Amino acid sequence: MIKFISWNIDSLNAALTSTSARAELSRAVLDTIKGENADIIGIQETKLPATGMTDKHKEALAFYFPDYQVEWVSSVPPARKGYAGTMVLYKKSLQAQMSAPAIGAPDTMDAEGRLLCLEFEDFYFVNVYTPNAGDGLKRLADRQKWDACYADYLSGLDQKKPVIACGDFNVAHEEIDLANPDGNHMSAGFTDEEREGFSHLLAKGFVDSFRYLHGNVEKVYSWWAQRVKTSKINNSGWRIDYFLVSDRIKDGILRSEMLDSGARQDHTPLVLEMEESK
């Protein structure tokens, strides 16, 4: 069995070095992740500078994950500083080749550190932080182009060897994937265009591991709005974080679920367990 975790951390610096109450909650989540003893961990929205982690960050991260190698990619000019960013930690016993591909996405999306791929012997592991359509859907057209480029990229990898893709996809695929679908059809993350983009991705040969295992279970989400204090208490959430796997290895899925992030709002981590290939 091989175990994976995915989490949108919403600032690695804040989680590791801040003294705020929310940072304490974030570190409790890191403790939970550490306890899972995963083989590979994908982190999104690191918000690190182009130069990456400071020595203080490295020391703090090593406290939680001392036996892991770390790969990262950050936002670089002309993209905004300290924006987006992704990271993968994997056990030192594993061998991998890292790449941070440009997929032909519009605007500065390819420079925002949104995509990190590790090639292992038997599969590709792809960590993604999908662009948000933005306030007023101002970035929706670019988001649609990103979705098409990403789907083609993932499909190209899948032609070589199986793919396990994780991350914050910034879309609730079906009405069952958010608490209040009726009032959100024009909201970023639940437009028809974004949902169709995700359907198009799955149609290229991938499965949503959570739905594959659990079917149409209701009221299970991965994100609760920070701005609404009661969102998590009332479970008024969205499922916008996923583990996707190539269709041909879907029968190897053993576990796919959300981890408990306690009182912390925003994203909760996901865990995936797969049978190792024979």
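See above for the structure.
Report on the accompanying structure.

Calculation notes
Residues numbered from 1 in each chain as written. Predicted model: local features only at pLDDT ≥ 70, side-chain atom pairs only at ≥ 80, totals over all residues. Heavy atoms only, no water. Buried < 20%, exposed > 50% of the residue type's maximum accessible area, 1.4 Å probe, protein only. Helix = DSSP H or I, 4+ residues; strand = E, 2+ residues; numbered from the N terminus. Pairing = 2+ DSSP bridges. 1 Å grid on protein atoms, 1.4 Å probe; cavity = no way out; pocket = protein on both sides within 12 Å on 5 of 7 lines; lining within 4 Å. Points joined across faces, edges and corners; volume = space filled by probe spheres on them. Nonpolar A, V, L, I, M, F, W, Y, C, P; charged D, E, K, R; others polar. Expected span 1.5 Å × (residues − 1). Axes fitted to C-alpha atoms, helices over the stretch in contact; angles between N-to-C directions. Contact = heavy atoms within 4.5 Å. Phe/Tyr/Trp six-rings, centres within 6.5 Å; stacked < 30°, edge-to-face > 60°. Lys NZ or Arg CZ within 6 Å of the ring centre and 35° of its normal.

The next thing to look at is the pairing of strand 11 (residues 241-246). Taking burial as the measure, the six residues of strand 11 include six buried ones, the bulk of the element. On strand 11, burial covers both faces: D241, F243 and V245 on one face and Y242, L244 and S246 on the other are all buried. Where strand 8 (residues 163-168) and strand 11 come together, five bridges link them in antiparallel fashion. By the bridge assignment for strand 11, D168 is matched with D241. Where strand 9 (residues 206-208) lies against strand 11, three bridges are found, and the strand directions are antiparallel. Within strand 11, the residue paired with V207 across the bridge is V245.

What follows deals with empty space enclosed by the protein. Under the defined criterion, the tally for this structure stands at two cavities of 30 Å³ or more. Put simply, the largest cavity is a space of about 80 Å³. Taken together, T130, R143, W146, D147, Y150, F169, V171, E194, G197, F198 and L201 make up the lining of the largest cavity. Where the lining of the largest cavity is concerned, the elements lending two or more residues are helix 4 (140-158) and helix 5 (192-203). Considering only residue class, the lining of the largest cavity consists of six nonpolar, two polar and three charged. If you add up the space inside the second largest cavity, you get close to 50 Å³. Along its surface, the second largest cavity is lined by S209, F210, R239, D241, Y242, F243, S256, E257, M258, L270 and V271.

Turning next to helix 4. End to end, helix 4 covers 27 Å across 19 residues, agreeing with the expected 27 Å (1.5 Å per residue, within 8%). Of the positions making up helix 4, those classed as buried are L140, R143, W146, D147, C149, Y150, A151, Y153, L154, S155, L157 and D158.

Right, let's get into the sheet that holds strand 14 (residues 270-274). Reading across the sheet, the six strands line up as 3-4-2-1-14-12 and stay open at both edges, with mixed pairing between neighbours. Two strands in the sheet have a free side with no partner beyond their single neighbour: strand 3 (68-73) and strand 12 (253-258). When the angles between neighbouring strand axes are averaged without regard to direction, this sheet yields 15 degrees. Note that strand 2 (residues 40-44) and strand 4 (residues 86-91) share five bridges and pair antiparallel. Along strand 4, the bridge assignment pairs I40 with Y90. Its contacts with the sheet place helix 2 (residues 21-36) against strand 1 (2-8), strand 2, strand 12 and strand 14, and it is angled at close to 170 degrees to strand 1.

Read from one edge of the open sheet, six strands run 5-6-7-8-11-9, paired in mixed fashion. The outermost strands of the open sheet, each flanked by one partner alone, are strand 5 (97-99) and strand 9. Between one strand axis and the next, the sheet turns by 20 degrees as a mean value, whatever way the strands run. The sheet contact formed by strand 7 (residues 124-129) and strand 8 spans six bridges and is parallel. Considered in strand 8, the bridge of V126 is made with A165. Strands in contact with helix 4 are strand 5, strand 6 (115-119), strand 7, strand 8, strand 9 and strand 11; relative to strand 7, the strand with the most contacts, it is inclined by about 170 degrees.

Turning our attention to the packing of aromatic side chains. Aromatic ring pairs are defined here through the distance separating the ring centres and the angle between the ring planes. According to the stated counting rule, one finds 15 aromatic pairs in the structure shown. Geometrically, the ring pair formed by F4 and F123 is edge-to-face, given 5.8 Å between the ring centres and 80 degrees between the ring planes. One end of the pair, F4, is in strand 1; the other, F123, is in the loop between strand 6 and strand 7, with 119 residues separating them in the sequence. Residue F4 shares its accessibility class with F123, and that shared class is buried. The interplanar angle of 85 degrees and the centroid separation of 5.2 Å between the aromatic rings of F63 and Y64 together place this pair among those described as edge-to-face. For F63, a relative accessible area of 57% puts it in the exposed group. Here a set of aromatic residues connected by ring pairs shows up, and it is made of F4, Y90, F120, F123, F125 and F243. Directly above the aromatic system of Y124 lies the positively charged group of K161, at a separation of 5.5 Å from the ring centroid.

Interpretation in functional terms is not warranted from these geometric data alone.
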